[in-house]
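What follows is each chain in one-letter form.
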Amino acid sequence: MIRDITLGQYYPARSVIHQLDPRVKLVTTMIFIVSLFLAKGVTGYAIATVFLITVIRMSKVPFRFMTKGLKAILMILMLTVVFNLFLIDGDYELWRFGFLRITDKGLKTAVFMAVRLVYLILGSSIMTLTTTPNDLTDGLERLLGPFKKIHVPVHEIAMMMSIALRFIPILLEETDKIMKAQIARGADFETGNLIQKAKAMVPLLVPLFISAFRRANDLAMAMEARCYHGGDGRTKMKPLHYERRDRIAYAVVWSYLLLMVGAGWAASFYGIMLL
């Protein structure tokens, strides 16, 4: 399960998505997330599916590698489906067993919520898998640049997010090493009930937190020893410039958002809501 988490990892490849400006990918990800909440009915989710599949194919990241991250949220996904399936009232019942019942609106909401959650993870994974942490930091700092006028610590915020993303694969690798070491010493993380499994995680979490604090302290000391200071006056090794492909990407993603808004408006106006 630990190795299945892909958040924060970078997959090197030569694709159009990898070459895009990080600001474009950040804006595109936000627009895609917003569009999922604007989607209504089968039509909206069909448009989102076509858009997502197209971007995944263009990124040249293996689909199997990308879907590995879904295993980490499988329990959350199942709980979301179950709660929406059995706890939402509808116009008529489809199935009933005792106090459990499934209605038409409950089934539709459960399916759409599951699809929305999966698409959120896949859409966010494309951004992190095709963009290095340094590029994400530079892109986020440039996008939040106007907030400097109201004294928002933009550089510090971007730096914290970059360090957090960079530490995720390191901490996952450290967790895997500690888990293997504890298993070799007789620890059991699989058997037992929920309380027993939670108690078995204590020998794993304690050394993991100690290692994380030690790494954070070493990083802080290294930055201080090199007289690091952020903010104004710092230059970039690779300055960000919009290219022609970035402008085309902006046009495509804004067209996609308008199409989603139009599909949602048409579904609401004409009452065309499948399922």
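Note: the structure precedes this text.
Residues numbered from 1 in each chain as written. Predicted model: local features only at pLDDT ≥ 70, side-chain atom pairs only at ≥ 80, totals over all residues. Heavy atoms only, no water.

Draft legend 1. Inspection of the pairing of strand β1 (residues 93–97) at higher detail. Across four bridges, β1 lies against strand β2 (residues 100–103) in antiparallel orientation. Bridging from a neighbouring strand, Glu93 pairs with Thr103 of β2. Following β1, the chain reverses through two residues before pairing antiparallel with β2; Gly98 in that reversal takes a positive phi of roughly 70 degrees. (Pairing = 2+ DSSP bridges. Helix = DSSP H or I, 4+ residues; strand = E, 2+ residues; numbered from the N terminus.)

Draft legend 2. View of the packing of helix α5 (residues 74–87) against helix α6 (residues 104–129). The N-to-C vectors of α5 and α6 enclose an angle of 160 degrees; their axes lie 8 Å apart at closest approach. Here α6 runs roughly antiparallel to α5, going by the angle between their axes. In the crossing of α5 with α6, the sense of the turn from one axis to the other is right-handed. Taking contact as the criterion, the partners of Ile76, Leu77, Thr80, Val81, Asn84 and Leu85 in α5 are, on α6, Gly106, Leu107, Thr109, Ala110, Met113, Ala114, Leu117 and Val118. (Axes fitted to C-alpha atoms, helices over the stretch in contact; angles between N-to-C directions. Parallel < 35°, antiparallel > 145°, perpendicular 65-115°, else oblique. Left-handed = near helix turned anticlockwise from the far one by under 90°. Contact = heavy atoms within 4.5 Å.)

Draft legend 3. Inspection of the pattern of salt bridges at higher detail. Under the counting rule described, the total for this entry stands at five salt bridges. Two residues, Glu173 and Lys177, come together in a salt bridge whose shortest N-O distance is 3.7 Å. Residue Glu173 and its partner Lys177 are both found in helix α8 (residues 154–184); the two are separated by four residues, about one turn of the helix. Glu173 gets classed as partly exposed once you look at its relative accessible area, which sits at 47%. (Salt bridge = Lys/Arg side-chain N within 4 Å of Asp/Glu carboxyl O. Buried < 20%, exposed > 50% of the residue type's maximum accessible area, 1.4 Å probe, protein only.)

Draft legend 4. A nonpolar patch on the surface, seen in detail. A grouping of Tyr92, Leu94, Trp95, Phe97, Leu107 and Val111 is seen on the molecular surface, where their side chains present a nonpolar patch of about 630 Å² in accessible area. Going through the elements one at a time, β1 and α6 are the ones with two or more residues in the nonpolar patch. Counting residues per element, the nonpolar patch draws most heavily on β1, at three residues. With respect to the helices and strands, Leu107 occurs in helix α6. Taking the relative accessible area as the measure of exposure, Leu107 reaches 38% and is therefore partly exposed. (Patch = residues over 30% accessible without salt bridge, like charges linked within 9 Å, V, L, I, M, F, W, Y side chains within 5 Å. Areas by Shrake-Rupley, 256 points an atom, 1.4 Å probe, with all protein chains shown as cover.)

Draft legend 5. Region of the structure containing the packing of aromatic side chains. Evaluation of the coordinates by the stated rule reveals seven aromatic pairs. Ring plane angle 25 degrees and centroid distance 6.0 Å describe the contact between Phe32 and Phe51, whose orientation is recorded as stacked. Here the residue Phe32 occupies a position in helix α2 (residues 22–38), and Phe51 occupies one in helix α3 (residues 41–59), the gap between them amounting to 19 residues. Each member of the pair, Phe32 together with Phe51, is buried. Site record: aromatic cluster; members linked through ring pairs are Phe32, Phe51 and Tyr256. Between the NZ or CZ atom of Arg23 and the centre of the ring of Tyr242, over which it lies, the distance is 4.0 Å. (Phe/Tyr/Trp six-rings, centres within 6.5 Å; stacked < 30°, edge-to-face > 60°. Lys NZ or Arg CZ within 6 Å of the ring centre and 35° of its normal.)

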